[in-house]
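Below, each chain spelled out in residue letters.
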Amino acid sequence: MNDDVRNIVLGVVATAVSGGFGWFSRTYLWRRALRRKQAFFGLPTGSDCLFVVNRQMGGTEGSVHRNDAFALLEISALIKDCGANVQIVSHDGVRQGFGERAEFCVGGPISNARTTAHLASMLPGIRVDLTSEPGPDRGAIHVGGEVYRWQKGAVEHVLLARLTNGAGARPVFLISGQTAMSNQAGARYLARHHQRLARTYGSDSFCVVVKVINSDAYGPDVAELLADVTRSARTPEAAAV
């Protein structure tokens, strides 16, 4: 074998080894990221989860606001990535506890009875103003001595929470916005920033307030983490005073 042939063979071998190592590295990193995503959402491959939808305010029975439907699409992509299956149920049709299956619950307590139950049992330090009459406090979120009010189309807020009731239990993800637009923004924020949330909180429960900015102009795209209210949200109001 002359030098030219030897060099060609060595080049081919080096390319094959380099390509194989690169493929192995990419596959390893992808699988590790998938395992972390599945652990955070409580969605191992082949598992089932619930998506609890609210009702459209002022709509017919069983109707869903289109922005809440878009929130479903945001979450469905995450569920598909994890290789899990989703069952869509109405907020007033759920008759089970939590922990056996992962759950995504979308909508504020005004339009979602399941959200009302989760707030009462797991986030007793949060109070949402349910006033139906127009006014500055309509839909306001009270927690930790702060009041998060909304201005239509300008400033909206959404509670984003990951809740568990013990080790090994599957989590409940609560997306409770002041409007259907903020519900979608909360779902999009979760989809975009779940890795950051997982690094910060791991498998622990958390509750944060996300601020949606100028939805009239930007829709659900511009949202920022405003406050971590985990401790105050989990402390009953009477004990917090």
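The coordinates are above.
Below is a short write-up of the structure.

So, how was this worked out
- Residues numbered from 1 in each chain as written.
- Predicted model: local features only at pLDDT ≥ 70, side-chain atom pairs only at ≥ 80, totals over all residues.
- Heavy atoms only, no water.
- Phe/Tyr/Trp six-rings, centres within 6.5 Å; stacked < 30°, edge-to-face > 60°.
- Buried < 20%, exposed > 50% of the residue type's maximum accessible area, 1.4 Å probe, protein only.
- Helix = DSSP H or I, 4+ residues; strand = E, 2+ residues; numbered from the N terminus.
- Pairing = 2+ DSSP bridges.
- Core = buried A, V, L, I, M, F, W, Y, C linked by side-chain atoms within 4.5 Å.
- Contact = heavy atoms within 4.5 Å.
- Axes fitted to C-alpha atoms, helices over the stretch in contact; angles between N-to-C directions.

**Re the packing of aromatic side chains**
Under the defined criterion, the tally for this structure stands at seven aromatic pairs. On the numbers, 5.1 Å between centres and 75° between planes, the contact of Phe40 with Phe41 is edge-to-face. Of the residues examined, Phe40 reaches a relative accessible area of 4% and is grouped as buried. Plain terms: the ring middles of Phe41 and Phe104 are 6.1 Å apart, the flat faces sit at 40° to each other, and that makes the pair tilted. Of this pair, Phe41 sits in helix α1 (residues 3–41) while Phe104 sits in strand β3 (residues 102–106), and the two are 63 residues apart along the sequence.

**Some points on the environment of Ser232**
Examined against the element boundaries, Ser232 turns out to sit in helix α6 (residues 230–233). Ser232 sits in the partly exposed class, given a relative accessible area of 24%. Residues Ser232 and Val143 lie 89 residues apart in sequence; the distance between their C-alpha atoms is 6.6 Å.

**What to know about the pairing of strand β1 (residues 48–53)**
Looking along a regular strand, one sees the side chains alternate between the two faces of the sheet. Across the six residues of β1, five count as buried, placing the element largely inside the fold. Where β1 and strand β2 (residues 85–90) come together, six bridges link them in parallel fashion. Along β2, the bridge assignment pairs Val52 with Val89. As defined by bridge partners, β1 adjoins β3 across four bridges and the pair is classed as parallel.

**Digging into the sheet that holds strand β6 (residues 146–148)**
With antiparallel pairing, three strands are arranged side by side in an open sheet as β4-β5-β6. Two strands in the sheet have a free side with no partner beyond their single neighbour: β4 (127–128) and β6.

**Things to note about the nonpolar core**
One recurring pattern in soluble globular proteins is that nonpolar side chains are buried together. Formed by 30 residues in total, the largest nonpolar core has its most connected members in Phe41, Leu43, Ile75, Phe104, Leu160, Ile175 and Leu190. Elements represented by at least two residues in this core include exactly α1, β1, α2 (66–81), β3, β7 (155–163), β8 (172–177), α4 (180–201) and β9 (206–213). If you tally residues by element for this core, the top one is α4, at six residues. Among residues more than four places away in sequence, those in contact with Leu160 are Leu174, Ile175, Gly186, Tyr189, Leu190, Leu197, Phe206, Cys207, Val208 and Val210. Counting residues in each nonpolar core, the second largest holds 22 residues, with Leu50, Ile126, Tyr148 and Leu163 among its members.

**Examining the sheet that holds β8**
Strand-to-strand pairing in sheets goes through backbone hydrogen bonds, with the strands running parallel or antiparallel. The sheet built from seven strands is open, its strands ordered β2-β1-β3-β8-β7-β9-β10 with mixed pairing. Strand pairing shows two members of the sheet lacking a second neighbour, β2 and β10 (223–228), which therefore form its edges. Adjacent strand axes in the sheet meet at a mean angle of 20°, parallel and antiparallel pairs treated alike. Bridge count between β9 and β10: five bridges; the pairing is antiparallel. Note that in β10 the partner of Val209 across the bridge is Ala227.

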